[in-house]
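Commentary on secondary and tertiary structure
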Amino acid sequence: QVQLVESGGGLVQAGGSLRLSCAASGRTFSSYAMGWFRQVPGKEREFVAAITWSGGSTYYADSVKGRFAISRDNAKNTVYLQMNSLKPEDTAVYYCAASFPGIRVPLSPSEYNYWGQGTQVTVSS
């Protein structure tokens, strides 16, 4: 069982930066692939970024590539999402998620097993 708690959301102007954190409980955190997703009302949850258990490989949605960076610190049971050059269209509730160990890092929400409660990110124009 893994419990996830996101933090770091808030209101920021366009062009600004935020860093989201996701703290995980459980001694097996380092074995999970981790992902960040976001959702706006009326739309499906969409993939933002993912990282392998070791942190050796990362994956990004095209819409955030070059602006966002996912990282993890297994000693602290925490995964991060550094968001730079934020745009109003980045406004959403951001969720972190954990996926059971597998052959590849999943990019679909349905392939993740544990979810945090979400943190609101609002980017003003």
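The structure reproduced in this document is the subject of the present report. Values in this document were obtained by computation on a predicted structure and should not be read as measured data. (Residues numbered from 1 in each chain as written. Predicted model: local features only at pLDDT ≥ 70, side-chain atom pairs only at ≥ 80, totals over all residues. Heavy atoms only, no water.)

Focus: the packing of aromatic side chains
- For the coordinates displayed, the defined rule picks out eight aromatic pairs.
- Measuring from ring centre to ring centre gives 6.1 Å for Tyr32 and Tyr114, while their planes differ by 75°; the resulting arrangement is edge-to-face. Taken together, the residues Tyr32 in the loop between strand S3 (18-24) and strand S4 (33-39) and Tyr114 in strand S10 (residues 114-115) connect sequence positions 82 residues apart.
- Overall, the relative accessible area of 14% leaves Tyr114 in the buried class.
- Chaining the aromatic ring pairs together yields one cluster made of Phe37, Phe47, Tyr95, Tyr112 and Trp115.
- The ring of Trp115 has Arg45 lying over it, and the distance from NZ or CZ to the ring centre is 4.7 Å.
- Just above the ring of Phe29 sits the side chain of Arg72; from NZ or CZ to the centre is 4.6 Å. (Phe/Tyr/Trp six-rings, centres within 6.5 Å; stacked < 30°, edge-to-face > 60°. Helix = DSSP H or I, 4+ residues; strand = E, 2+ residues; numbered from the N terminus. Buried < 20%, exposed > 50% of the residue type's maximum accessible area, 1.4 Å probe, protein only. Lys NZ or Arg CZ within 6 Å of the ring centre and 35° of its normal.)

Side note on the pattern of salt bridges
- A full pass over the atoms with the stated rule returns five salt bridges.
- Between Asp90 and Arg38 there is a salt bridge whose closest N-O contact spans 2.9 Å. Within this pair, whereas Asp90 is found in the loop between strand S8 (78-83) and strand S9 (92-99), its partner Arg38 is found in strand S4, the two being separated by 52 residues in sequence.
- Here Lys65 and Asp62 are joined by a salt bridge, their closest N and O atoms 3.1 Å apart.
- Note on Asp62: relative accessible area 67%, which makes it exposed.
- Members of the salt-bridge network, linked through shared partners, are Arg38, Glu46, Arg67 and Asp90. (Salt bridge = Lys/Arg side-chain N within 4 Å of Asp/Glu carboxyl O.)

A few points about the side chain of Thr119
- Its place among the elements puts Thr119 in strand S11 (residues 119-124).
- Residue classification places Thr119 among the buried residues on the basis of a relative accessible area of 11%.
- Separated by 3.3 Å, the side chain of Thr119 and the backbone nitrogen of Gly9 make a polar contact. (Polar contact = N/O pair within 3.5 Å; in protein donor to acceptor, adjacent residues only side chain to side chain.)

Considerations on the nonpolar core
- Leu4, Met34, Trp36, Leu81, Met83 and Tyr94 are the most contacted members of the largest nonpolar core, which has 36 residues in total.
- Mapped onto this core, the elements with two or more residues apiece are S3, S4, strand S5 (46-51), strand S7 (68-73), S8, S9 and S11.
- Ignoring anything within four residues of it in the chain, the contact list for Met34 reads Leu4, Cys22, Phe29, Ala49, Ala50, Ile51, Ile70, Arg72, Val79, Ala97, Ala98 and Tyr112. (Core = buried A, V, L, I, M, F, W, Y, C linked by side-chain atoms within 4.5 Å. Contact = heavy atoms within 4.5 Å.)

Looking at the pairing of S7
- Every second residue of S7 is oriented toward a common face, the buried set being Phe68, Ile70 and Arg72 and the non-buried set Ala69, Ser71 and Asp73.
- The sheet contact formed by S7 and S8 spans six bridges and is antiparallel. Paired with Arg72 across the bridge in S8 is Val79.
- Where S7 folds back on S8, the antiparallel hairpin that results is connected by four residues, among which Asn77 adopts a positive phi of roughly 55°. (Pairing = 2+ DSSP bridges.)

Remember that the coordinates give geometry; whether it matters functionally is a separate question.
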